[in-house]
Amino acid sequence: MKKIKIKSILEKIFKKKVNINNYEIKNFSSIENPKSNSVSFCEDLSKFNKKKIKNCLIFSKISKKLTNNVIFMKVADPRYSFFKFYKSYEKLKKKKLNSFYIHKNVYIGDNVKFLDKKKIYVGKNVILKNCTIGKNCIIQDNSVIGNDGYGYFKHKNKKYKQAHFGKVIIEDNVDIGPLTNIERGHFDNTILRTNSKIDALVQIGHNCVIGKNSNICAGSILSGNVKIGDDVWVGPKSSFKEKITIGNNTIVGIGSNVLKNIDKNLVIYGNPAEKKC
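As the structure is a computational prediction, the values presented were derived from the model and not from experiment. For every chain, the first residue of its written sequence is number 1, and the numbers climb from 1 along that sequence. The model is predicted, so local features are restricted to residues of pLDDT at least 70 and side-chain atom pairs to those at 80 or more, both for listing and for counting; the totals for chains, interfaces and linings are taken over all residues. The basis for every side-chain value is the complete set of non-hydrogen atoms in the structure, without hydrogens or water.

Q: Explain the overall build of the chain to me, please; I cannot follow it from the model alone.
A: By the criteria applied, helices consist of DSSP H or I runs no shorter than four residues and strands consist of E runs no shorter than two, each listed in order from the N terminus. Scanning the chain from N- to C-terminus turns up 2 helices and 32 strands. Over its C-alpha atoms, taken along the principal directions, the chain stretches across nearly 80 × 45 × 30 Å. Only protein chains enter the accessibility calculation, which uses a 1.4 Å probe. A residue is then buried if its area is under 20% of the maximum for its type, exposed if over 50%, and partly exposed in between. By the burial criterion, 43% of the 277 residues in the chain qualify as buried. Of the roughly 15400 Å² that the chain leaves accessible, carbon and sulfur atoms contribute 50%. In this tally, Lys and Arg are treated as positive and Asp and Glu as negative; His is ignored, and so are the chain termini. Charged side chains are reduced to one point each, which is NZ for Lys, CZ for Arg, CG for Asp and CD for Glu. The average position of the 53 basic charges and that of the 22 acidic charges among the side chains of the chain differ by 7 Å. For accessible areas, the Shrake-Rupley method is used with a probe of radius 1.4 Å. Any residue's cover is judged against the shown protein chains and nothing else.

Put into structure tokens, the structure is as follows:
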């Protein structure tokens, strides 16, 4: 495995020489449980565990050097600096998420189109049908994209399944967690806008639209025709009645049951979910 030392990445990020004792990166760790030869970030100094370690760089809002080459490096945004560092590390390692990769057990059905094969990852046992996938997208194991939605109608005491003609449109920089189901649209398309992030075990019904930069956390259920605005945060295990709209910049608290349209810039939670602030 390729050995990577810390100095080369820091100098690439900051575009200048860095005065630090060089060491091989072997771990990424939390400040609650820091490890030797690792990189971390700190947003709350009180959580730092002062156990005996060596060779640890911690992105922080303070500058401090401890014994054994444990260094707090002052940056404007520790979390973002850590993210940039890891992305540079990942590229040097040439991990598969940086290139077109489809696991051998993926099923690709009819009407599937990749807009850019340079940065795509599709995990094990994924099923793809009736979908268009943008660039730099990640679809994790055991997810199903583009199957028919759940829709039945009754005629003369007999139930019939509605035909589906739409697709799933996945725009650029979308992440989809494992065991997630995203249904194709009935007539129009189901759409995941740019930079939306979908967690594990999420159900997205037909004709839903997920806005730009929005996050849908694990276990959430969106009935058909739900419209989620831009920059929305949906907490875990939240559920949404069909045909409702959630405004931009809204936060939906954990376990909420949303039964009506919600305006923008609100915090809601509860069952039924109501405005809290």
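Past the structure itself, the notes keep going.
Q: So what exactly am I meant to see when it comes to the side chain of asparagine 130 here?
A: Relative to the assigned elements, asparagine 130 resides in the loop between β10 (127–128) and β11 (131–133). By relative accessible area, which is 9% here, asparagine 130 ends up buried. A polar contact is formed between the side chain of asparagine 130 and the side chain of asparagine 111, at a distance of 3.0 Å. Here glycine 146 takes part through its backbone oxygen, which lies 3.1 Å from a polar atom of the side chain of asparagine 130. Nitrogen and oxygen atoms within 3.5 Å of one another constitute a polar contact, given that in protein one can donate a hydrogen and the other can accept it, and given that sequence-neighbouring residues count only through two side-chain atoms.

Q: Please explain helix α2 (residues 78–93) as it appears in this structure.
A: Each turn of an α-helix holds 3.6 residues, which means side chains three or four residues apart point in the same direction. Helix length check: α2 (16 residues) gives 22 Å between terminal C-alpha atoms against 22 Å at 1.5 Å per residue, within 8%. Within α2, burial applies to Pro78, Ser81, Phe82, Phe85, Ser88, Tyr89, Glu90 and Lys93. Contact definition: two residues touch when any of their heavy atoms are within 4.5 Å. Residues of α2 that are buried make contact with α1 (6–14), β1 (27–28), β2 (38–41) and β3 (56–60). Expected span of a helix: the number of residues minus one, times 1.5 Å.

Q: Is there a simple way to think about unusual backbone geometry in this case?
A: Backbone geometry follows two general trends: most residues other than glycine have a negative phi, and most peptide bonds adopt the trans configuration. Across the junction of asparagine 271 and proline 272, the peptide omega takes the value 0°, indicating a cis bond. Note on placement: proline 272 falls in the loop between β31 (267–270) and β32 (273–275). Phi is positive for asparagine 213, which is not a glycine, with a value near 65°. Considering the arrangement of structural elements, one finds asparagine 213 in the loop between β22 (209–210) and β23 (215–216).

Q: Would you explain the nonpolar core in this entry?
A: Generally speaking, a soluble globular protein has its nonpolar side chains buried in company with each other. To form a nonpolar core, buried Ala, Val, Leu, Ile, Met, Phe, Trp, Tyr and Cys residues must be joined to one another through side-chain atoms within 4.5 Å. With 37 residues, the main nonpolar core has Leu128, Ile133, Ile145, Ile170, Ile176, Phe240 and Val258 as its most contacted residues. For this core, the secondary structure elements donating two or more residues are β9 (120–122), β11, β12 (137–139) and β16 (168–170). If we ignore the near neighbours within four places in the chain, the residues touching isoleucine 170 are Thr132, Ile133, Gly134, Cys137, Ile139, Ile145, Ile176 and Leu192. Grouped together as the second largest cluster of nonpolar side chains are 18 residues, Phe59, Ile71, Met73 and Phe82 included.

Q: Mind showing me how you'd approach the pattern of salt bridges here?
A: Side-chain pairs of opposite charge can arise whenever the charged atoms involved come near each other. Salt bridges are defined as contacts in which a side-chain nitrogen from Lys or Arg sits within 4 Å of a carboxyl oxygen from Asp or Glu. Here the structure, examined in full by the defined rule, presents 7 salt bridges. Arginine 184 is paired through a salt bridge with aspartate 148; the nearest N and O atoms lie 3.1 Å apart. Of this pair, arginine 184 sits in the loop between β18 (181–183) and β19 (190–192) while aspartate 148 sits in the loop between β13 (144–147) and β14 (152–155), placing them 36 residues apart in sequence. Glutamate 242 serves as the salt-bridge partner of lysine 241, at 3.9 Å between the closest nitrogen and oxygen.

Q: Quick question: what am I supposed to make of the environment of histidine 164 here?
A: With respect to the helices, strands and loops of the structure, histidine 164 is situated in the loop between β15 (158–161) and β16. Along the backbone, histidine 164 and arginine 184 are 20 residues apart, and their C-alpha atoms lie at a distance of 7.2 Å. Side-chain polar atoms of histidine 164 contact the side chain of histidine 206, separated by 3.0 Å.

Q: Honestly, the sheet that holds β18 in this entry has me stumped. Any pointers?
A: In a beta sheet, neighbouring strands are held together by backbone hydrogen bonds and run either parallel or antiparallel to one another. DSSP bridges decide pairing: two strands pair if at least two such bridges lie between them. One open sheet accounts for 8 strands, arranged β7-β10-β13-β18-β21-β24-β27-β30; its pairing is parallel. Here the strands that pair on one side only, and so sit at the sheet edges, are β7 (107–108) and β30 (257–258). Here strand β21 (residues 203–204) runs beside strand β24 (residues 221–222); their pairing, made up of 2 bridges, is parallel. Across the sheet, the residue bridging to glutamine 203 is isoleucine 221, located in β24.

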